[in-house]
Amino acid sequence: MKAFKLFLIAVTGLLVLACAAPDESVATVVMLTTDLGDIEIEVYVDRAPLSAGSFLDHVDAGLYEGAAFYRTVMPANDHGDPPIS
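Residues numbered from 1 in each chain as written. Predicted model: local features only at pLDDT ≥ 70, side-chain atom pairs only at ≥ 80, totals over all residues. Heavy atoms only, no water.

Concerning unusual backbone geometry
What counts, and what does not: Counting from the N terminus, the helices are DSSP H or I runs at least four residues long and the strands are E runs at least two residues long.
Residues Asp 81 and Pro 82 are joined by a peptide bond in cis, for which omega reads 10°. Of note, Pro 82 is situated in the segment after helix H2 (49–60).

Re the environment of Glu 42
We apply this condition: Contacts: residue pairs with any heavy atoms within 4.5 Å of one another. Here a polar contact means two N or O atoms within 3.5 Å. Within protein one must be a hydrogen donor candidate and the other an acceptor candidate, and residues neighboring in sequence count only if both atoms are side-chain atoms.
Along the chain, the position of Glu 42 falls in strand S2 (residues 37–43). Between the alpha carbons of Glu 42 and Ala 27 there is a distance of 5.4 Å; along the sequence they are 15 residues apart. Leave out the neighbours within four places in its chain, and Glu 42 touches Ala 27, Thr 28 and Val 29. Separated by 2.7 Å, the side chains of Glu 42 and Tyr 44 make a polar contact.

What to know about the environment of Ile 41
For clarity, the threshold we go by: Here the term buried applies to any residue with accessible area under 20% of the maximum for its type, exposed to any over 50%, and partly exposed to those in between, with areas from a 1.4 Å probe on protein chains only.
Inspection of the secondary structure puts Ile 41 in strand S2. Residue Ile 41 is classed as partly exposed on the basis of its relative accessible area of 27%. For Ile 41 and Ala 27, which are 14 residues apart along the polypeptide, the C-alpha to C-alpha distance reads 9.0 Å. Apart from residues no more than four positions distant in its own chain, Ile 41 is found in contact with Thr 28, Val 29, Val 30 and Leu 32.

Quick notes on H2
What counts is decided by this rule: Given a helix with a known number of residues, its expected span is that number minus one, times 1.5 Å. This arc is built from the directions going out from the helix axis to the C-beta atoms.
Look at H2: 16 Å from first C-alpha to last across 12 residues, which is about the 16 Å you get at 1.5 Å a residue. Looking only at H2, the buried set comprises Ala 52, Gly 53 and Leu 56. One face of H2 carries all of its buried residues, which in axial projection span an arc of 100°. Opposite its buried face, H2 presents the exposed residues Leu 50, Ser 51 and Asp 57, each directed more than 90 degrees away. Check the buried side of H2 and you find it contacts strand S1 (28–34) and S2. Positive backbone phi, approximately 75°, marks Gly 62, located one or two places after H2.

Some remarks on the pairing of S2
This is how it is decided: At least two DSSP bridges between two strands are needed for those strands to be called paired.
In the sheet, S1 pairs with S2 via 7 bridges, with the strands oriented antiparallel. The residue of S2 that forms the bridge with Thr 33 is Asp 38. In sequence, S1 turns back onto S2 through a hairpin of 2 residues.

Focus: the layout of surface pockets
Short version of the rule: Using only the protein atoms, space was sampled on a 1 Å grid; points where a 1.4 Å probe fits but cannot get out form cavities, open sets with protein on both sides within 12 Å along at least five of seven lines form pockets, and lining residues are those with an atom within 4 Å of a point. Grid points are joined across faces, edges and corners, and a volume is the space filled by probe spheres set on the points. Basically, the charged four are Asp, Glu, Lys and Arg, the nonpolar ten are Ala, Val, Leu, Ile, Met, Phe, Trp, Tyr, Cys and Pro, and anything else, Gly included, counts as polar.
The space that makes up the largest pocket amounts to roughly 340 Å³. Lining the largest pocket we find 14 residues, and of these Met 31, Leu 32, Thr 33, Tyr 64 and Glu 65 sit closest to its centre. Contributions of two or more residues to the lining of the largest pocket are made by S1 and H2. In terms of residue count, the dominant contributor to the lining of the largest pocket is S1 (4 residues). Considering only residue class, the lining of the largest pocket consists of 10 nonpolar, 3 polar and 1 charged.

Written out as structure tokens, the structure is:
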């Protein structure tokens with residue numbers, strides 16, 4: 001019984017420490033260079049391991065070199081003021 005109580009105290013202490021621990025996530029930084037300046041992208045692999053890992057694999061493979069990106073705006077997703085016509 002005494003061993004069980006010590007076990008519960010130890011587990012409770014670990015849970016308290018885990019909940020109180022500061023966010024120690026470390027970001028991998030990727031620089032997106034555009035004609036209008038650089039955009040720094042922080043990628044947190046520990047928070048989204050599959051998508052972040054896939055993105056970083058594509059960056060490492062050079063798949064985004066010279067690539068363009070765009071955003072499609074339609075009346076359903078245009079929340080700008082004034083709306084894009």
